[in-house]
Amino acid sequence: MREQNVDVLVVGGGLGGVAAALTIARLGNRVVVTEESPWLGGQLTSQGVPPDEHGWIERFGCTRSYRRLREGIRSYYRRNYPLNETAATLALLDPGQGGVSRLCHEPRVAVAAIDEMLAPYRAGGELQVLIRHRPVSTELGVGDTVRAVTFVDDETGDEVTVEATYVLDATELGDLLDLGKVEHVTGAESQADTGEPHALVGTAQPLDQQAFSWCFAMDYQPEADFTITKPEQYEFWSQYQADFWPGRHLSWDDVVPPTLEKRTRGVLTDVDTHLGSNTKGLLWRFRRILSVRNFEPGRYSSDITLVNWPQLDYWLGPLVGVSEEEKNHHIEASRQLSLSFLYWMQTEAPRYDGGTGYPGLRPRGDVLGTTHELAMRPYIRESRRIQAAFTVTEQHVGVQARHELGLSARSERYRDSVGVGRYRIDLHPSTGGENGPRTYVDISSYPFQIPLGALIPQRVENLLPANKNIGTTHITNGCYRLHPVEWNIGEAAGALAAYCLRHDTTPRQVYSSPDRTADFQQLLTDTLGVEIAWPDSVFDEANRA
């Protein structure tokens, strides 16, 4: 077994882990970041999901380094792709022209941009990346600390133990919280626990967790046949319908999340949909990651769209709080659901012209770094969450909750803010625990801050959350789980570890002392370019909407 010793260990190389590692190295500390998949970037890359971002993202509302990531992605296209004259002049180039963001792009381009950001620190030896490394155990230290983490290299089977002064859990499911015996919460709290209007009535349900999805990319070649082999579970999924859903899971039917009204949306509407159509509301355009309209005429025969649609949501069982065997069962069933939806679209789906099936839908696993049809990893929406010094609830950010309580028409102001974010409280259908699956909870929230207290475990002194595992609830995780927020959380956690090393203090002491909190915030704002407050104008705009 190999052994290493560094200042900070970041376990998990998603967006939060990348931001944390980059920040730690930039502030002069030695850091190891590990990742189970072949790609860094998490939901943006190995999970395949284009960024979900708020409408102000090009002007404010994210960290300076997140903006550098976005510009690095655009720069990669400008340097390497045959952009047409119009696209080449766009300062705010959007390669996919999708509906969820002003920057929809191929996941592998984000991998390249991340590698470029990390390259100077890898060359200097401050930063080491261990890919395909899976955490399997922790060694606890004295005084409520995690001393070291042991990993298995999934390529070779070798083990490596990394000892560090600080350990950051940036895993997708909060795995170190379990391995390190850190107090945490899973699933859905009850109203008795949190007082949240949209929390469960009755008892908490730890196994009631948001659906996860195994995404895939595809283009369309109308004269070809790319029909995949019929999936093993196709007969089940082609007949399955949840009691809260308006039709069979494999159909064009779903619901409008805030109202739960039925809607029907096909993938294509005419012969040219796959050639850069910008019609609003199209599934094809929703998460499109390459639009032919941006490139030299004739260079690409089709757009590429990323399928992360309601039809892929798997809610028949959770990934956390169950045995490894059951977890793997649900992961495989999710894979089968995604393959079944692809096969259904190719063979049985109603066409816009009255026919049946689109055999020309070509899965593009190559765009996602795989030799099969799907992304490297399923898209995870909910994680274990630390029991924190401070927990963000619906009453702090929810529009309806704050109105009913007579609170100000804005989110809670935090004296210890370490960042900002903006997204609706968007809970996809969930596994439901004892009561079976249940439908969306999708409600308005105000632009919000990230409180330092949500990053401080109640007991453990040297482990920090750096992903979707901070002190939120099942409800508020719905708005704190998206790309720029996860990056900001990771950057703040990495900066906090570096600050504590420099000043010989602890995260809890920084949180407990207003003077130290203010000094740490100055590092965030002045050195790193982290925004920790929203301008008042965004709340005026949010209230008008």
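Right above here is the structure, for reference.
A brief look at the structure comes next. This structure is a prediction, so every number in the text was calculated from the model and none was measured.

1. Focus: empty space enclosed by the protein
- Within the structure shown, the criterion is met by 3 cavities of 30 Å³ or more.
- In this model, the largest cavity occupies a volume close to 50 Å³.
- Here the lining of the largest cavity is built from residues that sort into 4 nonpolar, 2 polar and 2 charged.

2. A short note on the state of the cysteines
- Applying the stated criterion to the full structure yields 0 disulfides.
- Its sulfur unpaired, Cys-62 is 16 Å from the next cysteine sulfur, which belongs to Cys-104.
- Owing to a relative accessible area of 3%, Cys-62 belongs among the buried residues under this scheme.

3. Concerning the pattern of salt bridges
- Considering all chains together, one arrives at 36 salt bridges under this definition.
- Between Arg-134 and Asp-154 there is a salt bridge, with its nearest N and O atoms 2.9 Å apart. Of this pair, Arg-134 sits in strand β4 (residues 133–141) while Asp-154 is found in the loop between β5 (145–153) and β6 (159–169), placing the two residues 20 residues apart along the sequence.
- Note on Arg-134: relative accessible area 32%, which makes it partly exposed.
- When the shortest N-O distance is used, the salt bridge between Arg-364 and Asp-219 registers 2.9 Å.

4. Focus: the sheet that holds strand β11 (residues 288–290)
- Pairing is antiparallel across the open sheet formed by 4 strands, whose spatial order is β11-β12-β8-β13. Unpaired on one side and paired on the other, β11 and β13 (361–363) mark the two borders of the sheet. If you compare each strand with its neighbour and ignore which way they point, the axes differ by 35° on average.
- As paired strands, strand β8 (residues 216–220) and β13 are joined by 3 bridges and run antiparallel to one another. Its bridge partner lying in β13, Met-218 is registered against Pro-363.
- Relative to β8, helix α9 (residues 324–347) is tilted by about 15°, and along the sheet it contacts β8, β12 (304–307) and β13.

5. Here we look at the nonpolar core
- Counting 130 residues, the largest nonpolar core has Leu-69, Leu-168, Phe-341, Met-345 and Phe-520 as the members making the most contacts within it.
- In this structure, Leu-9, Val-11, Leu-130 and Val-146 belong to the second largest nonpolar core, which totals 19 residues.

6. Here we look at unusual backbone geometry
- At Leu-260, a residue that is not glycine, the phi angle is positive and equals roughly 65°.
- Inspection of the secondary structure assignment puts Leu-260 in the loop between β9 (253–256) and β10 (261–264).
- Judged by relative accessible area, which is 40%, Leu-260 ranks as partly exposed.
- One non-glycine residue, Asp-504, lies in the positive phi region at around 50°.

7. Regarding the packing of aromatic side chains
- With the rule as written, the count across this model stands at 27 aromatic pairs.
- Where Phe-60 meets Trp-534, the ring centres are 6.2 Å apart and the plane angle is 80°; that geometry is what we call edge-to-face. Of this pair, Phe-60 sits in the loop between β2 (31–35) and α2 (64–80) while Trp-534 sits in the loop between α15 (514–528) and α16 (536–544); the two residues are 474 residues apart in sequence, bridging distant segments of the chain. Residues Phe-60 and Trp-534 agree in their burial class; the two are buried.
- Among the aromatic residues, those joined into a ring-pair cluster are Phe-212, Phe-236, Trp-237, Tyr-240 and Tyr-314.
- Taking NZ or CZ as reference, Arg-410 lies 4.1 Å from the ring centre of Phe-539, over its face.

8. Structural notes on the packing of helix α13 (residues 483–503) against α15
- Between α13 and α15, the shortest axis-to-axis distance is 11 Å and the interhelical angle comes to 120°. Put simply, α13 runs oblique to α15. In the packing of α13 onto α15, the handedness of the crossing is right-handed. For the pair α13 and α15, contact is made by Glu-491, Ala-492, Ala-495, Leu-496, Tyr-499 and His-503 and by Arg-516, Asp-519, Phe-520, Leu-523, Leu-524 and Leu-528, respectively.
- Considering only residue class, the contact of α13 with α15 consists of 8 nonpolar, 1 polar and 3 charged.

About the criteria used
- Residues numbered from 1 in each chain as written.
- Predicted model: local features only at pLDDT ≥ 70, side-chain atom pairs only at ≥ 80, totals over all residues.
- Heavy atoms only, no water.
- 1 Å grid on protein atoms, 1.4 Å probe; cavity = no way out; pocket = protein on both sides within 12 Å on 5 of 7 lines; lining within 4 Å.
- Points joined across faces, edges and corners; volume = space filled by probe spheres on them.
- Nonpolar A, V, L, I, M, F, W, Y, C, P; charged D, E, K, R; others polar.
- Disulfide = S-S within 2.5 Å.
- Buried < 20%, exposed > 50% of the residue type's maximum accessible area, 1.4 Å probe, protein only.
- Salt bridge = Lys/Arg side-chain N within 4 Å of Asp/Glu carboxyl O.
- Helix = DSSP H or I, 4+ residues; strand = E, 2+ residues; numbered from the N terminus.
- Pairing = 2+ DSSP bridges.
- Axes fitted to C-alpha atoms, helices over the stretch in contact; angles between N-to-C directions.
- Contact = heavy atoms within 4.5 Å.
- Core = buried A, V, L, I, M, F, W, Y, C linked by side-chain atoms within 4.5 Å.
- Phe/Tyr/Trp six-rings, centres within 6.5 Å; stacked < 30°, edge-to-face > 60°.
- Lys NZ or Arg CZ within 6 Å of the ring centre and 35° of its normal.
- Parallel < 35°, antiparallel > 145°, perpendicular 65-115°, else oblique.
- Left-handed = near helix turned anticlockwise from the far one by under 90°.

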